[in-house]
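What the coordinates show
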Protein chains: 2
Amino acid sequence: VIMAVPVGAVGALAEQILPHMKPGAVLTDTGSTKTSVVRDVAPHLRDDVFWVPSHPLAGTEHSGPGAGFEALFDGRYWIILPLASDEAVVTRFETYITGLGSVCERMSPEYHDKVLALTSHLPHLIAYTIVGTAVDLETQLKNDVIRFSASGFRDFTRIAASDPVMWRDVFLNNDAAVLEMLQRFSEDLSYLQRAIRWQEGDKLEALFTRTREIRRSIIDAGQD
Amino acid sequence: VIMAVPVGAVGALAEQILPHMKPGAVLTDTGSTKTSVVRDVAPHLRDDVFWVPSHPLAGTEHSGPGAGFEALFDGRYWIILPLASDEAVVTRFETYITGLGSVCERMSPEYHDKVLALTSHLPHLIAYTIVGTAVDLETQLKNDVIRFSASGFRDFTRIAASDPVMWRDVFLNNDAAVLEMLQRFSEDLSYLQRAIRWQEGDKLEALFTRTREIRRSIIDAGQD
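Computed from a prediction, not measured in an experiment: that's the story for all the values here. (Residues numbered from 1 in each chain as written. Chains lettered and ligands numbered in written order. Predicted model: local features only at pLDDT ≥ 70, side-chain atom pairs only at ≥ 80, totals over all residues. Heavy atoms only, no water.)

Once that is clear, we can look at the relation of the copies chain B and chain A. Expressed as a screw operation, the relation of chain B to chain A combines 0.0 Å of axial shift with a rotation of 180 degrees, fitting to an RMSD of 0.0 Å. Interpreted geometrically, this transformation is the action of a two-fold axis. By C-alpha distance to the rotation axis, the residue of chain B lying nearest is B:Asp155, at 3.6 Å. When you check the interface residues of chain B against chain A, 100% turn up at the interface there too, and the contact is symmetric in its surfaces. (Least-squares fit on C-alpha atoms with pLDDT ≥ 70 in both. Contact = heavy atoms within 4.5 Å.)

Residues and elements named next belong to chain B. Strand order in this open sheet of 3 strands is E1-E2-E3, and the pairing throughout is parallel. Across the chains shown, the open sheet's two edge strands, defined by having one partner strand only, are strand E1 (2-3) and strand E3 (50-51). Summarising the sheet, strand E2 (residues 26-29) and E3 pair through 2 bridges and their orientation is parallel. From the neighbouring strand, Leu27 faces E3, where its bridge partner is Trp51. Its contacts with the sheet place helix H3 (residues 87-99) against E1, E2 and E3, and it is angled at close to 55 degrees to E2. (Pairing = 2+ DSSP bridges. Helix = DSSP H or I, 4+ residues; strand = E, 2+ residues; numbered from the N terminus. Axes fitted to C-alpha atoms, helices over the stretch in contact; angles between N-to-C directions.)

Attention shifts here to the domain arrangement of chain A. Residues and elements named next belong to chain A. Structurally, chain A comprises domain 1 (2-107) and domain 2 (111-220). Distance between the C-alpha centres of domain 1 and domain 2: 28 Å. At the junction of the two partners, domain 1 supplies 18 residues and domain 2 supplies 15 residues. Its largest share of buried area at the contact with domain 2, domain 1 owes to Ser32, Glu61 and Met107, together 39% of the area lost on that side. Our count for the contact surface shared by domain 1 and domain 2 stands at 1 salt bridge. Between Arg158 and Glu61 there is a salt bridge whose closest N-O contact spans 3.1 Å. For the pair domain 1 and domain 2, the number of links is 7 residue pairs in polar contact (both at pLDDT 80 or more). It is helix H2 (residues 34-41) that provides the largest number of residues to the side of domain 1 that touches domain 2, a total of 5 residues. (Domains from an automatic or database assignment. Buried area = accessible area lost by both parts, 1.4 Å probe. Salt bridge = Lys/Arg side-chain N within 4 Å of Asp/Glu carboxyl O. Polar contact = N/O pair within 3.5 Å; in protein donor to acceptor, adjacent residues only side chain to side chain.)

Written as structure tokens, this is what we have:
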């Protein structure tokens, strides 16, 4: 049984469905914050149901059953959190996930939340912020920002079109890791801001060259 | 004659080529910061050459002659800065641009730089920053951030793979507008940071809902 709802609703859903599950069934979820999901589901667990939280790193800015498509999971990572589950159950679950086209990877809830804070949660927060900054501009400038949304801003608006309730829950439930990454990000942004103010082109160019290599690594890792 | 080089190099290039241009020729450029380009080209202008700066809002993270493709300009805006040029010359230039598939739009250098600061320059600066933040993580976490680069971060790495020299020059030459937009962005980010820290889900959801509408406007404007 797969619970695919905003992470803030997983606890209540687990409470509702667990009493009706068959003995020996496997329960999982698709939430983007695992520490909170593990915490919220825990009180409702049964000894005869296997609980294996997971998180498919797949999807678009669209939500709901209509947002699925055949190749959605092909070649994408699906993170499995084995917790204290029986190894045989986890392996069976992984076989199922692999059958959907995904690549399985095991993690602990804490490590998962740290990685996702930087790869997914912080980028979304920033995209929401910059698009929100545009919303607040005086009318003519705002209209022109929309009309002339060049590459860059346009990509951010796509990210910032994701489901509001789902993302509200992500930030409320991975607050510690997000705030830590946000702190690092803000420091780095201040460094660049200062470089622009003082016309330190060498610092800008050095950073821009390093970030280019990260892109190369991602393409090499087949995750483009 | 189209000067397509990093904006920091436009002045020197104009100095080199202007003496060799035919009387009555039109000179333009493709730079992303127009106030600086107008300033840097001014000392080298000739009375018998028409200077019409411009900026095509098209392109990818790739640079150089090999980065072109047939549909590159189709339906994309190409901003024209008529300055004090003869109207007949500007119209002739616009006919040429329209022939490439682009949609022409006139602006002043100052207004152009303000719009672009938000639609293009700030998003690039932020993408460079967040990818740079990842570069600085401890090794294992950094490797996993690359491996599991989910939607969001992956989009940012694409933006952050753009040409370092070109973007260094953009920030050095549109510093005032970028710093102003960066200030607004930082205030907005602090607001969300505080909302996460104090678990104010209503504020997050309200902003995330508003930004969704901006995406809709861009799709409606045919600039997706």
